[in-house]
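# Structural features, examined
If you want the building blocks of each chain, they are given just below.
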Amino acid sequence: MKLFKQLALGVCAAAMFATAAHAESIKVGSAGGVTGPIAELVATIIKGRDLARDQINAEGGLLKGDKLEMVIGDSACDPKAAVDAVGKLVNVEQVVGIVGPSCSGATNASVQAVTIPAGVVVLSDSATAPSVTELKDNDTVFRVSPSDAYQGLAIAQLVTKAGIKKVAMTYSNDDYNAGIANVFEKEFKAMGGEITGNQAHEPNKASYRSELQTLTQGEPEALAIFAYYGSSGITIIKNSLENGLFGKFYAADGMFDQSVIDQIGADNLKGKIWITQASSDTADASYKAFAEAFKATGADPAAPYAAHGYDATFMMALAIEKAGSADRTKIKDALRAISNGKGEVVRPGEWAKAKKLIAEGKDINYEGASGSADFDANGDVSGVFAVNVVGDDGKWSKELLK
Amino acid sequence: MDPVLYGYMLYGISLLTVGGMYAILALGLNVQWGFTGLFNAGIAGFFGIGAYTAAILTTNPHASHVGGLQMPYIVSAITAMLVAGIIAFLVGKVCLKLRSDYLAIATIGIAEIFRLIVNNETWATNGPRGISQIPRPFEGLPEPINQVAFLGVVLLTLAGVYWLMEIARKSPWGRVMTAIRDNETSAKAAGKNVETFRMEGFVIGCMIMALAGALMAHYLKFVNPQTTDPLLATFIVFVMLVIGGSANNKGAILGAFLVWTLWSASEIVAPRLLEAIGMTDAGIRSAYVRIFLIGLLLQIFLQKNPQGLLPETRPSSPGKNGS
């Protein structure tokens, strides 16, 4: 009996300790494909989210000094895993809102099956599928990553501006690249261009010669590639150059990596390749503020969607601060309020300033590292795009598309 | 109700719902692997056929994919099973002559072919973008009644499948199946048409898998080719069946609920465990540690318990008591 009492006391004490330790932290879900096909990209995106968290906690935290806690959920880029992981964040971890998940499919399933019915706000930093826009979401699904519709449009404009009329295109058959390719095809035709051939390809093949041979028919002036550099993109360019099939390449951001230049050679690529990228205005003060802090943690600020991960987390925190409490139901209105283009500008890292302005009841307008991050009626942003070309130093050199 | 308690209740409901769907999958596999000894490593394919059929039949019309026929759930579930049954029959015609491990290789191939078809036939399936806005039964009701009601649908379906499978197991048909599994030559010698029986077992199992796929499509409200990723649609089902007890229908169900709970809840426990031992980046690391731990646990369990939690029990032979 005595032992039992001691045990009970111990449990109570542990429980009290546990609640005391957690009372001062506000949980936000950090969902992403930690395992699965894009694990490498996600690791850096999560670093971006964590940087925002660390800066916020270092500058006074949320509300009355509460710590922002990012609870990771592994959506594994698989709809089944995502529904399970996001369900746990909502129901077990009781998060106020969710940043992520990565992968459009995982996002699509988890918002429809879990967060929209539960009324929890999801702010994705990397879901780009246009179908997310269509969801009847009671205004609870937002994203700071521009829909593919916008990148497809950006490439079409770039090609048209270069005076190219006939283009062959190939895309890796995954949801991301197929989506951009789709929009590119539509927009380029609408601008009066001609698609001489359009071939889907499966990634990770040893050679794409036969596909490329077929694509040379109809005298295309350039090849538009929508693929990931590692799984097929580099091979496609190598095959094309070795056999003299194509001399000009336009590509979406799945192709953006230094290894493209390293493996093919700067001399071989110079003046031949243009890669668009959902980007940040690197000359912009917001981006510089983020990039400096992110570099200091040893991470690469140009990594895909790292800036978006940072912005999404910072904005979620601003929304909690604006709402005045960790109340799920107030987040969606607050999120619109902190970034609608009106009010005093707040940039990455300026948490203390934002906190003070909100406390004074002033309107703020977050200008993010990834762009202005002002939401349209669907909770989407139009994004900023850049084009990368091979620079004199054998590195990518970036220019903003306007 | 206290929101934390309420949250745990909702999580519990989701565990049972998904566990129930996996239990149906495990029962389907049990007919094939447990009773007939067919090594079907393409569960994901038939699961996917069910999911896509249900998606195409029940959604509203949409420009991105075929169908959108707004059919009642019962019609779509039955169609999903029929489609899977027909495809299983055709596949069986070609593959069932193969012996165990060759059948496994062939069925993996079939599942991969299915994945490539849905990935590439964009006009029909919207390709890698998947089919969105799939309706779910009772979703219009207020929370949590809608979730409880859908759980009811899953559990009732599970009960129905279990009931039928128990009848099958105890029937002469079931005994022929185990006879084929244990000694095909003597089953043949006893005058049984082994090929027909194997085909029956294969087709029935695949139809049950498609039923689980249809339920999953409604639950997720979205399907894409990644939904048929073999890790969480093929291999985990084998683990469930083997841990629960191969050739035991109760074991299949127990294994499914147990392994799914372990899989899902480990994500809650693992980061806390790592944090407690002072590891940095506990969140990201735990996603991997979790997979490792589950694998380790399964290894240990299977070493100690090769029969599974509920070993096979043979139905009493009618000949024994002279009845």
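Residues numbered from 1 in each chain as written. Chains lettered and ligands numbered in written order. Predicted model: local features only at pLDDT ≥ 70, side-chain atom pairs only at ≥ 80, totals over all residues.

## Section: the sheet that holds strand 9 (residues 249–251) of chain A
Residues and elements named next belong to chain A. If you trace the 7 strands from one edge of the open sheet to the other, you get 7-6-8-9-10-13-14, paired in mixed fashion. Looking at the sheet topology across the chains shown, the edges are occupied by strand 7 (194–201) and strand 14 (396–401). Neighbouring strand axes in the sheet, compared pairwise and without regard to direction, differ in orientation by 25° on average. Contacts from helix 6 (residues 148–161) reach strand 6 (166–172), strand 8 (222–226), strand 9, strand 10 (273–279), strand 13 (384–390) and strand 14, with the element oriented near 145° to strand 10. Packing of helix 7 (residues 175–190) onto the sheet brings it into contact with strand 6, strand 7 and strand 8, and relative to strand 6 it is tilted by some 165°. (Pairing = 2+ DSSP bridges. Helix = DSSP H or I, 4+ residues; strand = E, 2+ residues; numbered from the N terminus. Axes fitted to C-alpha atoms, helices over the stretch in contact; angles between N-to-C directions. Contact = placed C-beta atoms within 7 Å.)

## Examining the environment of Ser-124 of chain A
Residue and element names in this part refer to chain A. Residue position: Ser-124 is located in strand 4 (residues 121–124). When the 30 C-beta atoms within 10 Å are taken as the criterion, Ser-124 is described as buried. For the pair Ser-124 and Ser-147, spaced 23 residues apart in the sequence, the C-alpha separation amounts to 11 Å. Ser-124 has contacts with Gly-100, Pro-101, Thr-107, Arg-143 and Ser-145, leaving out every residue within four places of it along the chain. (Buried ≥ 20, exposed ≤ 12 C-beta atoms within 10 Å, placed from the backbone.)

## So, the interface of chain A and chain B
Facing 33 residues of chain A, the contacting portion of chain B comprises 34 residues. Mapped onto the side of chain A that touches chain B, the elements with two or more residues apiece are helix 2 (39–58), strand 2 (67–74), helix 3 (79–91), helix 4 (104–118) and helix 7 of chain A. Among the elements that line the side of chain A that touches chain B, the one with the most residues is helix 3 of chain A, at 9 residues.

## Describing the domain arrangement of chain A
Interfaces are often sized by the accessible area lost when the parts come together. Residue and element names in this part refer to chain A. In terms of domains, chain A is made up of domain 1 (7–146 + 284–366) and domain 2 (149–278 + 384–401). A C-alpha centroid distance of 33 Å is found between domain 1 and domain 2. Per-class residue counts for the side of domain 1 that touches domain 2 are 4 nonpolar, 4 polar and no charged. (Domains from an automatic or database assignment. Nonpolar A, V, L, I, M, F, W, Y, C, P; charged D, E, K, R; others polar.)

## Some remarks on unusual backbone geometry
The omega angle of the peptide bond from Gly-100 of chain A to Pro-101 of chain A is -15°, so this bond is cis rather than trans. Mapped onto the secondary structure, Pro-101 of chain A falls in the loop between strand 3 (97–99) and helix 4. Along the chain, Glu-143 of chain B connects to Pro-144 of chain B via a cis peptide bond; the corresponding omega equals 0°. Mapped onto the elements of the fold, Pro-144 of chain B is located in the loop between helix 5 (122–125) and helix 6 (145–170). A positive phi angle, close to 55°, is found at Gln-94 of chain A, a residue other than glycine.

## Some words on the sheet that holds strand 3 of chain A
Residue and element names in this part refer to chain A. If you trace the 5 strands from one edge of the open sheet to the other, you get 2-1-3-4-5, paired in parallel fashion. Each edge of the open sheet is held by one strand with a lone partner, namely strand 2 and strand 5 (141–143). Averaged over all adjacent pairs, the angle separating strand axes in this sheet is 25°, with direction ignored. Where strand 1 (residues 25–32) meets strand 3, 2 bridges bridge the pair, whose relative direction is parallel.

## Here's the deal with the packing of helix 2 (residues 43–58) of chain B against helix 3 (residues 73–95) of chain B
Residues and elements named next belong to chain B. Put simply, helix 2 and helix 3 touch, their axes get as near as 8 Å, and they point 140° apart. As judged from the angle between their axes, helix 2 and helix 3 are oblique. In the packing of helix 2 onto helix 3, the handedness of the crossing is right-handed. Residues Phe-46, Ile-49, Gly-50, Thr-53, Ala-54, Leu-57 and Thr-58 of helix 2 form the contact with helix 3, whose participating residues are Tyr-73, Val-75, Ser-76, Ala-77, Thr-79, Ala-80, Val-83, Ala-84, Ile-87 and Ala-88. (Parallel < 35°, antiparallel > 145°, perpendicular 65-115°, else oblique. Left-handed = near helix turned anticlockwise from the far one by under 90°.)

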